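Here are the chains, one letter per residue:
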Amino acid sequence: AAARLAHVRGVRVILDPAPAAPLPEDLYHLIDLLTPNESEAAALVGFPLQDMLQVERAAGVLLQRGVKQVILKLGKQGAYLHDGMRGELLPGFPVQAVDTTAAGDAFNGGLAAALAQGNNLRNAIRFANAAGALSTTKHGAQPSLPTAGEVEKILKGRSIACSARV
C-alpha cells in the first residue's frame, strides 16, 4: 500500500527486500530502486549469485519483472547497478570488517540520504558503499552506523565528490 501511494504521488520507491521472501508480482512495477543483497536476490530470482554472470542475469530477471533499476549489494565487492540500460560494478571500500549486521541498513540509509541531497545515482551508490563498509568496522547495529562526516572522510580518500547528511 505504501509503495502504491508513493508511486501514484511520484515519490521514489526504494525497496530493500529483507528478510528474503517472495514479493507480490504487482509490487515490482512500483519499485524505482530494488536493493537486495546476494542471498535476497537469489531468493527472488531462484538461483544463486556465485559470479558476475549470475549477478547480471539476476538483475535482468528483476528488471523484466518491472523494477526500474536494480542495485545488488555484493558485500566487500561493492554494488552492481543496472539502470535498465547497462550494468556496472561500483567497487566497495576495503575495511577491516568485524560485524556485518547493519551493513545493508547503512547502505540503504546512505543511498536514500545521498539521493535526497540531489546526488546522481552513481555518486549516491558510492556514498552508500562507504556507509555500508564503515558500518562493518564496529560491533552492533545502531552503534555501527557511521556519521556523514565519517562517510565523507572515506570518500575523500577516493577523490569522489558526494555529500549527504545521514
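Just so it is clear, the structure is predicted and the values come from calculations on it, not from any experiment.

Procedures and definitions
Residues numbered from 1 in each chain as written. Predicted model: local features only at pLDDT ≥ 70, side-chain atom pairs only at ≥ 80, totals over all residues. Heavy atoms only, no water. Helix = DSSP H or I, 4+ residues; strand = E, 2+ residues; numbered from the N terminus. Rg over C-alpha atoms; globule rule 2.2 N^0.38 Å. Buried < 20%, exposed > 50% of the residue type's maximum accessible area, 1.4 Å probe, protein only. pLDDT = per-residue confidence, 0-100. Contact = heavy atoms within 4.5 Å. Arc of directions from axis to C-beta. Pairing = 2+ DSSP bridges. Axes fitted to C-alpha atoms, helices over the stretch in contact; angles between N-to-C directions. Left-handed = near helix turned anticlockwise from the far one by under 90°. Nonpolar A, V, L, I, M, F, W, Y, C, P; charged D, E, K, R; others polar. Phe/Tyr/Trp six-rings, centres within 6.5 Å; stacked < 30°, edge-to-face > 60°. Lys NZ or Arg CZ within 6 Å of the ring centre and 35° of its normal. Core = buried A, V, L, I, M, F, W, Y, C linked by side-chain atoms within 4.5 Å.

Chemist: Sorry, what's going on with the overall build of the protein chain here?
Modeler: Counting its secondary structure elements, the protein chain contains six helices and five strands. Tracing the protein chain from N to C terminus, the helices and strands come up as α-β-β-α-α-β-β-β-α-α-α. At 15 Å, the protein chain has a C-alpha radius of gyration in line with the 15 Å of a compact globule built from 166 residues. In terms of principal-axis extent, the alpha carbons of the protein chain reach across some 40 × 35 × 30 Å. Put simply, the protein chain has 166 residues, and 48% of those count as buried.

Chemist: Hey, could you run me through the confidence of the model for the protein chain in this one?
Modeler: Residues shown with low pLDDT carry predicted positions that ought not to be read at fine detail. For the protein chain, the average pLDDT comes to 89, and 95% of its residues sit at 70 or higher. Across the protein chain, element-level confidence peaks in strand 3 (residues 69–73) with a mean pLDDT of 98 and bottoms out in helix 6 (residues 148–156) with 82. Note that pLDDT drops below 50 for residues 159–166; the model gives that stretch 29 contacts with residues more than four away or on any other chain.

Chemist: Teacher, can you tell me more about the environment of Gly78 here?
Modeler: For Gly78, the position within the fold is in strand 4 (residues 78–82). Once residues within four sequence positions are removed from consideration, Gly78 is found in contact with Leu72, Lys73, Leu89, Leu90, Pro91, Gly92 and Asn129.

Chemist: Which parts of the structure should I look at to understand helix 6?
Modeler: Residues that lie three or four places apart on an α-helix share one face, since the helix turns once every 3.6 residues. Three or more residues of helix 6 are buried, namely Ala148, Val151, Glu152, Ile154 and Leu155. Looking straight down helix 6, one finds that the buried residues subtend no more than 165° of arc, so they occupy a single side. Along helix 6, the residues that are exposed and aim more than 90 degrees away from the buried face are Lys153 and Lys156.

Chemist: So what exactly am I meant to see when it comes to the sheet that holds strand 4 here?
Modeler: Backbone hydrogen bonds hold the strands of a sheet together, and the pairing may be parallel or antiparallel. Ordered in space as 1-2-3-4-5, the five strands form an open sheet in which the pairing is mixed. Among the strands making up the open sheet, the edge pair consists of strand 1 (14–15) and strand 5 (87–91). Contacting strand 2 (33–34), strand 3, strand 4 and strand 5, helix 3 (residues 52–64) crosses the sheet at an angle of about 145° to strand 3.

Chemist: Would you mind going over the packing of helix 4 (residues 103–116) against helix 5 (residues 121–135) with me for this structure?
Modeler: When two helices pack together, their arrangement is captured by the angle between the axes and the distance separating the axes. The contact between helix 4 and helix 5 brings their axes to 7 Å, and the two run at 145°. Both helix 4 and helix 5 take part in a crossing whose hand is right-handed. Residues Ala103, Ala106, Phe107, Gly110, Leu111, Ala114 and Leu115 of helix 4 touch helix 5, and the partners they reach there are Leu121, Ala124, Ile125, Phe127, Ala128, Asn129, Ala131, Gly132 and Ser135. Residues that form the contact of helix 4 with helix 5 fall into these classes: 12 nonpolar, four polar and no charged.

Chemist: I'm lost on the packing of aromatic side chains in this one. Help?
Modeler: This structure, assessed with the given rule, holds zero aromatic pairs. Over the aromatic face of Phe47 sits the side chain of Arg57, whose NZ or CZ is 3.8 Å from the ring centroid.

Chemist: How do you make sense of the nonpolar core when you look at a structure like this?
Modeler: Note on soluble globular proteins: their nonpolar side chains tend to be buried together. Membership of the largest hydrophobic core comes to 25 residues, with the highest contact counts inside it found for Tyr28, Leu34, Leu49, Leu62, Val70 and Leu72. Counting residues per element, the ones that place at least two in this core are helix 1 (2–8), helix 2 (38–45), helix 3 and strand 3. Here this core takes five residues from helix 3, the largest share from any one element. With near-sequence residues (within four places) excluded, Leu34 lies in contact with Leu15, Pro17, Leu23, Tyr28, Leu44, Leu62, Val67, Gln69, Val70 and Ile71. Of all hydrophobic cores here, the second largest spans 22 residues; its members include Ala79, Ala114, Phe127 and Ala130.

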